[in-house]
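Structural overview
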Amino acid sequence: MSHATNHLTRVTRLAVIALTATLAAGLLTGCGPDDGSEAGAPGASGTPSAAPTGTTPPPRSPEPTRTAPPTRSASPTPTTPPTRTASPSRPAPALTCDQLRHARVQTALVKLPDYPRATMRLTDGHWEDEDGVQVDLQPQCAIGHIVGDGAADAVGVVKITTPGTGRYYTLVVWRNDHGTPVPFATESLGDRTPVVSLAVTPPAVTVVYRTRRDGEPLAVTTLTRTAVYRVAGAGLHEVSHVDTPYAGG
């Protein structure tokens, strides 16, 4: 073989090799897109690439909360000075039995059942009118809370003597009006029924007196009665009584 023939053969081989390389490059290009090619283009071979996921935009920062202007404090309410507590008034002094000697016995509202008058006031325990009727305070007396107004009241007995034979004994309760005895309630014990004793067990009044059985003559006393009374309106209401025989006459 000549030198020219060898040279031609070599050139031919180089041309074939170059063509083969060119074809191979073209085939590789047809197998899939380059990194910059769009996925799923027509004619592309192999598993198509997934569609690119859209990029989530970054969250917007919340708008800053607008701060309300500070509330103006209300003007302080003027403090009312504490009310001064009134000093408790002192209770009225208790009545005394001696006060009754110059006390009223009747008023426009409170009357003696056996001898009602417009008014009547004792003078040293005695009162008398132009008709000869006499009213005398008896020695029996008791002090205590009867009316219920917080002050110590008094209860006593007056005897009404008429020009005839009548001797009427009457219970009188005096209310304590700031230390002054004021007639409050009365109760007749009857004719010729002398009182033995009085006692106060608040608010009740207990009286022990002489009396008689129903139907017996007024000239005799055959019973000792212990009776308990309580104030009811302008009178005294008997709650109970107990009788025991009395042989004194």
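Further up the page is the structure itself.
Heads up: these notes are all about the structure in this document. (Residues numbered from 1 in each chain as written. Predicted model: local features only at pLDDT ≥ 70, side-chain atom pairs only at ≥ 80, totals over all residues. Heavy atoms only, no water.)

1. Looking at the overall build of the protein
Just so we agree on the cut-off: Each helix is a run of H or I in the DSSP string that is no shorter than four residues. Each strand is a run of E no shorter than two, and both are numbered from the N terminus. The contact definition used throughout considers only heavy atoms, calling two residues in contact when any of these lie within 4.5 Å. In this description, accessible areas are obtained by the Shrake-Rupley approach with a 1.4 Å probe, and a residue is regarded as covered only by the protein chains that are shown.
In terms of regular secondary structure, the protein is built from 1 helix and 11 strands. If you list the helices and strands of the protein from N to C, you get α-β-β-β-β-β-β-β-β-β-β-β. For the protein, restricting intrachain contacts to residue pairs at least 6 apart in sequence, the fraction spanning at least 24 positions comes to 39%. Here the protein displays about 16,900 Å² of accessible surface, and carbon together with sulfur accounts for 57% of that area.

2. Quick notes on the pattern of salt bridges
To be explicit about the condition: For salt bridges, the criterion is a side-chain nitrogen of Lys or Arg within 4 Å of an Asp or Glu carboxyl oxygen. Relative accessible area decides the class of each residue, using a 1.4 Å probe on protein chains only: under 20% of the type maximum gives buried, over 50% gives exposed, and in between gives partly exposed.
In the structure shown here, the tally under the stated rule is 6 salt bridges. Taking the shortest distance from any N to any O, the salt bridge between arginine 101 and aspartate 124 comes out at 2.8 Å. Of the two residues, arginine 101 sits in the loop between α1 (3-31) and β1 (104-106) while aspartate 124 sits in the loop between β2 (120-121) and β3 (126-128), which places them 23 residues apart along the sequence. In this structure arginine 101 comes out as partly exposed when scored by relative accessible area, which is 29%. Of the charged contacts, one joins arginine 225 and aspartate 243 as a salt bridge, the two residues approaching to 2.7 Å between their closest N and O atoms. With arginine 225 in strand β10 (residues 223-232) and aspartate 243 in strand β11 (residues 235-245), the pair connects residues that are 18 residues apart, well separated along the chain. Judged by relative accessible area, which is 16%, arginine 225 ranks as buried. A relative accessible area of 31% places aspartate 243 in the partly exposed class.

3. Some words on the state of the cysteines
Note the following rule: Disulfides are defined as pairs of cysteine sulfur atoms found within 2.5 Å of each other.
This model, assessed by the stated rule, comprises 1 disulfide. Disulfide pairing places cysteine 97 opposite cysteine 141 at an S-S distance of 2.0 Å. Where cysteine 97 bonds to cysteine 141 through sulfur, the torsion about that S-S bond is close to -90°, and the disulfide is left-handed. Highlighted residues: cysteine 97 in the loop between α1 and β1 and cysteine 141 in strand β4 (residues 134-144), separated in sequence by 44 residues. For cysteine 97, a relative accessible area of 33% puts it in the partly exposed group.

4. Details of the packing of aromatic side chains
Selection criterion: Note on aromatic contacts: the rings of Phe and Tyr and the six-membered ring of Trp form a pair at centre separations within 6.5 Å, being stacked when their planes are under 30 degrees apart, edge-to-face when over 60 apart, and tilted otherwise. When the NZ atom of lysine or the CZ atom of arginine is within 6 Å of a ring's centre and also within 35 degrees of its normal, the charge is said to sit over that ring.
Under the definition given, this model contains 1 aromatic pair. Ring geometry for tyrosine 115 versus tryptophan 127: centroids 6.3 Å apart, planes at 55°, classification tilted. In this pair, tyrosine 115 is assigned in the loop between β1 and β2 and tryptophan 127 in strand β3, connecting sequence segments 12 residues apart. Judged by its relative accessible area of 15%, tryptophan 127 falls in the buried class. Residue placement shows arginine 210 over the ring face of tyrosine 246; its charged tip is 4.0 Å from the ring centre.

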